[in-house]
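Spelled out, the chains give:
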Amino acid sequence: YSFKILVSIFLFSIFMILYLFGIFNEQKIKFILFALISGIFTGLNPFWYYQAKGELKHYSFFSILLKILGLVFVFLIVKSPTSGWIVLAIQSVISFLLFIYLFIPLFKKYKFFFARINSIKNNLLEYFPIFLFSVFSSIHSTASIFLLNIFLNPSSLAIYVGAEKIQKFFMGIISPLE
C-alpha cells in the first residue's frame, strides 16, 4: 500500500510540474486532473480487503447508490460536449467517497504505518513480474484507444469506444459468475 501511495504522489507531482510549465491547455487540464484524481482514489480503494473477507454487501449498496446519483448528476449538469470534464469530476467524487467509506473502518481497526523504503524496494523487486503484468495489461487496454485516436476521426473513435464499453459491460456481468 505504501508503494501505491508513493506512485500516487509521484504521478500527482509530475502532473503539477507539467501544469506549472504550461504543457496543458485550459480544457485538457480539467480532463487530466479529474482523471488522475479518480485513478488515484480508485487505485487506493481497499476494496480487496472487503472482497477477501466476503463483506461486500455494504460496499455494493453504497457503490451502486453513488453511481446512480452520479449518473443523475451527469444528466442534470452536462449539457454540451465541452462539459465532458464534469463527468470525470463526478467520477472523481465517487471514487473519493468510496475510498473514504472503505478506508475509515480499516483506519479505526488497524494501526497504519508507512513502510520503509528498503521494504518497498524489496517487495517491488520480489513482485516485479506481477507489477509489470498489471501495468502492461492496463497499457494494452488503453493503448488501442490512444492509437486509434491518431488515425480515426472523433465519430469513428466514439463508435469504437462505445462498442468496447458495451463489451466490458457484458464481461462485468459474466465474469463474476462461476
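Refer to the structure printed above.
The shown structure was predicted, so the numbers you read here are calculated from the model rather than taken from an experiment.

Asks: Looking at this model, I keep getting lost on helix H2 (residues 26-44). Mind explaining?
Replies: Count 3.6 residues to each turn of an α-helix, and residues three or four apart come out pointing the same way. Between the first and last C-alpha of H2 there are 27 Å, a value that for 19 residues agrees with the 27 Å anticipated at 1.5 Å per step. What H2 keeps buried is the set Ile29, Phe34, Leu36, Ser38, Ile40, Phe41 and Leu44.

Asks: Help me understand the layout of surface pockets in this model?
Replies: Gaps left between atoms are located by rolling a probe of water-molecule size over the structure's atoms. Estimates place the volume of the largest pocket at around 1,600 Å³. Lining the largest pocket are 39 residues, and of these Val7, Leu11, Leu36, Gly39 and Ile40 sit closest to its centre. Tallying contributions element by element places H2 first for the lining of the largest pocket, with ten residues. Counted as a void, the second largest pocket has a volume near 870 Å³. Lining the second largest pocket are 24 residues, and of these Thr42, Lys67, Gln91, Ile94 and Ser95 lie nearest its centre. Of all elements in the fold, only H2, helix H3 (47-53), helix H4 (57-77) and helix H5 (84-109) reach the threshold of two or more residues within the lining of the second largest pocket. Taken together, the residues of the lining of the second largest pocket break down into 13 nonpolar, nine polar and two charged.

Asks: Please explain the packing of aromatic side chains as it appears in this structure.
Replies: The relative placement of two aromatic rings is captured by the distance of their centres and the angle of their planes. One pass over the structure, following the stated rule, counts eleven aromatic pairs. Taking the centre distance of 5.8 Å and the plane angle of 15° together, the rings of Phe34 and Trp85 count as stacked. With a gap of 51 residues between them, Phe34 in helix H2 and Trp85 in helix H5 connect regions that are remote in the sequence. Ring plane angle 15° and centroid distance 5.2 Å describe the contact between Phe99 and Phe103, whose orientation is recorded as stacked. Taken as a pair, Phe99 and Phe103 lie in helix H5 at a separation of four residues, close to a single helical turn. Of the two residues, Phe99 and Phe103, both sit in the buried class. One aromatic cluster is present, formed by Phe41, Phe96, Phe99, Phe103 and Phe107 through successive ring pairs.

The rules we used
Residues numbered from 1 in each chain as written. Predicted model: local features only at pLDDT ≥ 70, side-chain atom pairs only at ≥ 80, totals over all residues. Heavy atoms only, no water. Helix = DSSP H or I, 4+ residues; strand = E, 2+ residues; numbered from the N terminus. Expected span 1.5 Å × (residues − 1). Buried < 20%, exposed > 50% of the residue type's maximum accessible area, 1.4 Å probe, protein only. 1 Å grid on protein atoms, 1.4 Å probe; cavity = no way out; pocket = protein on both sides within 12 Å on 5 of 7 lines; lining within 4 Å. Points joined across faces, edges and corners; volume = space filled by probe spheres on them. Nonpolar A, V, L, I, M, F, W, Y, C, P; charged D, E, K, R; others polar. Phe/Tyr/Trp six-rings, centres within 6.5 Å; stacked < 30°, edge-to-face > 60°.

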